[in-house]
Amino acid sequence: MAGKGRGVAAFTFNIEALGIGRGSMPEARVGPSPLFPNTDFKPVPLKAGEDEDYMLALKQEMRGTMQRLPHNIKPQSNKAEVERYTERYLKHRQMEDEEWIPDWNLFPKELMPQKKKPRVKAGTKRKTVSRKETQDMLNKLDELAKKDEGNPEKSDDETEKKTRNEDGEEEIEEEEYEEDIEEENDYIESYFDNGEDFAADSDDNMDGEATY
Amino acid sequence: MTAQEVRLCGLLLREHFGEVVAKVGTHLLRSGAQNLRTIIHETGISLDLVKKSLCVLVQHGTCVFSAGRKGPGSPTEYQTSCDRILRILRYPRYIYTAKTLYGDTGELIIEELLQRGHMTMSSTVKTVADRLTQNMEEGRSMDYSEVSSAFSKLVETHFLQRCPPQAGAGTKESSTPATPPTPESFPDCYKVPHMTLIGRGKRQLSSEDGEDQRNAKKAKLDLETHGDEGIYWQVNFERFHLHFRDQAIISAVANKLDQTSSEIVRTMLRMSEVTTSPTATCTKPLSANEIFRSLPSSYNIARPILDQYLTLLVDDPMEFVGKAGESGGGMYVVNLHRALANLARATLESVVQERFGSRSARIFRLLLRKRHLEQKQVEDFAMIPAKEAKDMLYTLLSQNLVQLQEVPKTPDFAPSRTFYLYTVNQLPTARMLLQNCYKTVANLIERRLFESRESKRLLEKSQRIEAILASLQASGAEPEQLTEVEEMITAPEKQQLESLRVHINKLDSAENQVDETIFLLESYVNSTATSTG
C-alpha cells in the first residue's frame, strides 16, 4: 500500500476480471444530489374501502380526544405572551379538564404531587406602615421644619440650591427609569396597543418616539 | 431499540400526550432505566412536570417501574420500551376489531380503555353506557348490565386482562425482584370480579349546561362502591395480535386458493384457539373427522370435498397447512410460524417488485430459492441480459436487499481466486424493512404536522368561524347573518381547506396501512426469536 501512492487506482488485481470495463465506470458527479431520489416506479395507491375509512375516522377521533384528556400534559405556558384574538374562540373547545386523580396504590409514592405549603419568609414581610407611625413621622418633620425656620443664619440660597439639586437629580433618575422601561421590551408597549384608545394616547406615543 | 424506533415513539408520544411526556419518554428510551432524580437532572424539566409525565406513562402501561437494582432502599427506577409505545399506532385497528367482534359496545369499551390506559370495570361500564345512551334516540338508554356482559365476554376471550398487581407501588419497601411481573403470571388475570352496578346510562342534556355540570360534579363526589375498586383492566395486545395473525393467514389462504379453503382454515384455527399456546409454532394436530364435525353446516362442504381441500392445502407451496399423521383420516396442523415466514417473504418480494420492477423481483426470488448464486448464474437463471442483470443485482446489493458472500479459494482473498456468491438473508432483510417502515411512519407523521402547520392560520380561521356560527345559531340569529359569517371563508380558501383535508386523510390512512406491514414483519421477527431461543 505504501508504495502505490495516493489517488492512483490502487487495485492489486485486474478490474476487468470483475466485469467492470473501461467504459462502464460511473461518471463523475457534478453538483449536489437531488433533494428527493427520483423513483422509477410510482407507488401503488392506498387501499380504500369501508374498513379503511372507518379506521381513518377512528384514528383521527382518537388523536382528537387524546389531546383533550388530562393525560396530555402541556408545557407551562408563558403567561406573558399576548393573548391572541383567536384564543377567545378556541378556548371553549379546550379541555374537559376534569382533574385526573390516579389511584396511588398503583404508582410509586414518590410521584405523588407535593402539596405546596404557603411559604412564609420571615425577612420579606411587607412592612405595613400604620397610621400612627406616619403621624409620628409627620410630626417630626414639622418640628424639624420649625427648627430650620428658627435658624435664619443659613442662607436661603443654599437651601434653595440644595432643593434644586435634589430636584435635578430626581428628574435625571426619572428619565433613566423611563428609558429602562422602554428598553425592556424593545418597543413601546403603548404603541402596540389594540388600537381602541389610539386617539387618547397618540400624543404620548409621539413623545415616546421622539426619544429614539 | 433503534434510532428510527425512538424517533417514531417520540412523535407518537408527542401527538397523544404532549410535548413534555414525549421528552421524558424519549429520554427514558435512550438512556434505559433511571430514577426520578436523574431524569429531572438530565432532561432539565421541572420536578412537577416530570412526575406528571411519569404518571401518564405508567397509567398507559408504557413505563414500568421497579425498586432499584442496587438493593433494597435504592430509588425506584423507571423504564420504557419501544414495543409498547409503538402499539399506539395500532389503536385504530384494535378498536375496529373489537367493533367487528363485539359490536358498538365492544368498540367503546376498548376505545375507553385505550384512551385512559387502565380503568376499573365499573367506571368503564358507566362511561360506555353513558356514551351509548348519548347516541341513542330520545327516551332510550343503555342498561349497565348489557355493557358489563359485553365486558365479561371480552375478558373471557382474553381481549382484556387485569393489570398485574404492581410490586413496590404504594408501599415503599419491597423485596420483589427487579423484573416486572407479566400479566399472565398472575392467576386471577382473567377473572371478572363481582360487581354491583345497577342502573342505566345517563343522558347529558346539552340544554341545561350549568345544572348538568353541577350534576356531574355531584356524581363524582358521591363515592359509591361497586365492589371492584382497585382492580384495573387493560387491553391485552397479545391476544389482539394472535387474532390479527389468524386473520392474516385466513385472508392469505382466501387470496391464494379460494373462499372455501379459507373457511376450513378458519375452522381449524378456531378449534385450536384455546388449546394452542401463543408462542407455538403450529396448532395442535386435528383429525379430518374433527374438522369435518366442527365445520359450520352453512358452508355445505361434503366429507370427500373436505379431504380434497385438505390435500390441496398441504400441497400448496405456501405451506399454511401441514400433515402431522395418518390416523383419524389424517391429522392436520396449521403451520403458524411457517405461514408468518412465508407471508413475510411475500412482503419482501412485493417490496422489491414495487420498488425495482418485476425483473429485479425475479432475481430476488431466484436468490431466495437457490440461496447462493454466482453473478454468472444469476444472469443465466433469471434469463436477463448480462448487463441489465448486473445493474439490477448491484442496485439490490447497494440497497442491502441482497448480500454478497466471498468464498476464497486461497487464503489471500485474491479476487481472481475467489467465488462471489450472492444471497438473500430473509430475517435480516425483514428487520431492515421493518426499520424502513418505522421511518416511513415517522416521516408520514412529520409530513402531516408540516401540512397542518403550513395552513395553521386557515385552520384556525375556519375553527373560529365555526365557533361563531355555533354561537350565533344558539342565540337564534337570522339566516342572513349566518350566511354572511359563512362567506367569511372565501372560495379559494375553501378549496385549500378541502385539499388539506384530502392530504391529511391520505397520510393518516397510509399510517394505518403501513402498520399492517409492520405487524406482519414484527410477528415474523418475533416468531423466529421464540422458535430458536
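Small disclaimer: the values here were computed from a predicted structure and weren't measured.

Mapped onto the secondary structure, A:K59 falls in helix α1 (residues 50–68). A relative accessible area of 9% places A:K59 in the buried class. Each C-alpha atom of the pair A:K59 and A:P70 lies 19 Å from the other, and the pair is 11 residues apart in sequence. In contact with A:K59, other than residues within four places in its own chain, are B:L89, B:P92, B:D508, B:E511 and B:N512.

Let's shift gears to the UniProt feature "domain: RNA polymerase III subunit RPC82-related helix-turn-helix" (unreviewed entry) in chain B. Look at the UniProt record and you will see "domain: RNA polymerase III subunit RPC82-related helix-turn-helix" (unreviewed entry) annotated at residues 8–66 of chain B. Secondary structure content for residues 8–66 of chain B is 75% helix and 10% strand, and the end C-alpha separation is 26 Å.

With that settled, consider the interface of chain A and chain B. Between chain A and chain B, the residue contacts involve 49 residues of the former and 68 residues of the latter. Carbon and sulfur atoms make up 61% of the surface buried where chain A meets chain B, a total of about 5,500 Å² over both sides. Per-residue buried area on chain A facing chain B is highest for A:M55, A:I73 and A:L106; these three make up 12% of the total on that side. Counting every contact that joins chain A to chain B gives 3 salt bridges. Between B:D508 and A:R63 there is a salt bridge, with its nearest N and O atoms 3.0 Å apart. If you look at where chain A meets chain B, you find 11 residue pairs in polar contact (both at pLDDT 80 or more). When residues in the side of chain A that touches chain B are grouped by element, the largest group, 14 residues, is from α1(A). Its residues assigned to classes, the side of chain A that touches chain B shows 25 nonpolar, 11 polar and 13 charged.

This brings us to the side chain of B:Q34. Residue and element names in this part refer to chain B. Following the sequence through the fold, Q34 ends up in strand β1 (residues 34–35). Judged by relative accessible area, which is 8%, Q34 ranks as buried. Of the polar contacts made by the side chain of Q34, one reaches the side chain of H27; its length is 3.0 Å. Among the polar contacts listed, one links the side chain of Q34 to the side chain of E42, at a separation of 3.0 Å.

Ranked by size, the top nonpolar core spans 115 residues in total, and within it B:L54 and B:I110 carry the most contacts. In terms of residues, this core owes the most to one element, helix α6 (residues 91–116) of chain B, which gives 10 residues. The residues touching B:L54, leaving out its near neighbours within four places in the chain, are A:L111, B:V24, B:L28, B:L36, B:I39, B:C63 and B:Y78. By size, the runner-up hydrophobic cluster in this structure holds 28 residues, among which are B:I250, B:I291, B:Y332 and B:A339.

This brings us to the domain arrangement of chain B. Splitting chain B by domain gives domain 1 (3–80), domain 2 (87–165 + 188–199 + 229–235), domain 3 (239–334), domain 4 (339–424) and domain 5 (438–478 + 488–532). A straight line from the C-alpha centre of domain 1 of chain B to that of domain 4 of chain B covers 44 Å.

Residues and elements named next belong to chain A. Per-residue confidence for chain A gives a mean pLDDT of 64, with 38% of residues at or over 70. Predicted confidence in chain A is weakest over helix α5 (residues 198–211), with a mean pLDDT of 46, and strongest over α1, with 90. Note that residues 178–185 has pLDDT below 50 and, in this model, 4 contacts with residues that lie over four places away or in other chains. Here residues 198–212 scores under 50 on pLDDT; set against residues more than four positions off or in separate chains, the count is 7 contacts.

Our focus in this paragraph is a nonpolar patch on the surface. A cluster of nonpolar residues, A:M137, A:L138, A:L141 and A:L144, forms a patch on the protein surface that exposes about 410 Å² of accessible area. Structurally, A:L141 can be placed in helix α3 (residues 131–150).

Bringing the packing of helix α14 (residues 336–356) of chain B against helix α15 (residues 358–370) of chain B into the picture now. Residue and element names in this part refer to chain B. The contact between α14 and α15 brings their axes to 7 Å, and the two run at 150°. By the angle between their directions, the pair α14 and α15 is classed as roughly antiparallel. Crossing hand, α14 versus α15: right-handed. Of α15, the residues touching α14 (which contributes R345, L348, E349, V352, Q353 and F356) are S358, S360, A361, F364, R365 and L368. Residues that form the contact of α14 with α15 fall into these classes: 6 nonpolar, 3 polar and 3 charged.

Residue and element names in this part refer to chain B. The strand order across the open sheet built from 3 strands is β1-β3-β2, with neighbouring strands paired in antiparallel fashion. Each edge of the open sheet carries a strand with a single partner, namely β1 and β2 (63–66). Pairing of β2 with strand β3 (residues 77–80), which is carried by 4 bridges, proceeds in the antiparallel orientation. From the neighbouring strand, F65 faces β3, where its bridge partner is Y78. Helix α4 (residues 47–59) rests against β2 and β3 of the sheet, and its axis sits at about 105° to β2.

Definitions and limits used
- Residues numbered from 1 in each chain as written.
- Chains lettered and ligands numbered in written order.
- Predicted model: local features only at pLDDT ≥ 70, side-chain atom pairs only at ≥ 80, totals over all residues.
- Heavy atoms only, no water.
- Helix = DSSP H or I, 4+ residues; strand = E, 2+ residues; numbered from the N terminus.
- Buried < 20%, exposed > 50% of the residue type's maximum accessible area, 1.4 Å probe, protein only.
- Contact = heavy atoms within 4.5 Å.
- UniProt positions renumbered as here; feature names shortened; annotations may be inferred.
- Buried area = accessible area lost by both parts, 1.4 Å probe.
- Salt bridge = Lys/Arg side-chain N within 4 Å of Asp/Glu carboxyl O.
- Polar contact = N/O pair within 3.5 Å; in protein donor to acceptor, adjacent residues only side chain to side chain.
- Nonpolar A, V, L, I, M, F, W, Y, C, P; charged D, E, K, R; others polar.
- Core = buried A, V, L, I, M, F, W, Y, C linked by side-chain atoms within 4.5 Å.
- Domains from an automatic or database assignment.
- pLDDT = per-residue confidence, 0-100.
- Patch = residues over 30% accessible without salt bridge, like charges linked within 9 Å, V, L, I, M, F, W, Y side chains within 5 Å.
- Areas by Shrake-Rupley, 256 points an atom, 1.4 Å probe, with all protein chains shown as cover.
- Axes fitted to C-alpha atoms, helices over the stretch in contact; angles between N-to-C directions.
- Parallel < 35°, antiparallel > 145°, perpendicular 65-115°, else oblique.
- Left-handed = near helix turned anticlockwise from the far one by under 90°.
- Pairing = 2+ DSSP bridges.

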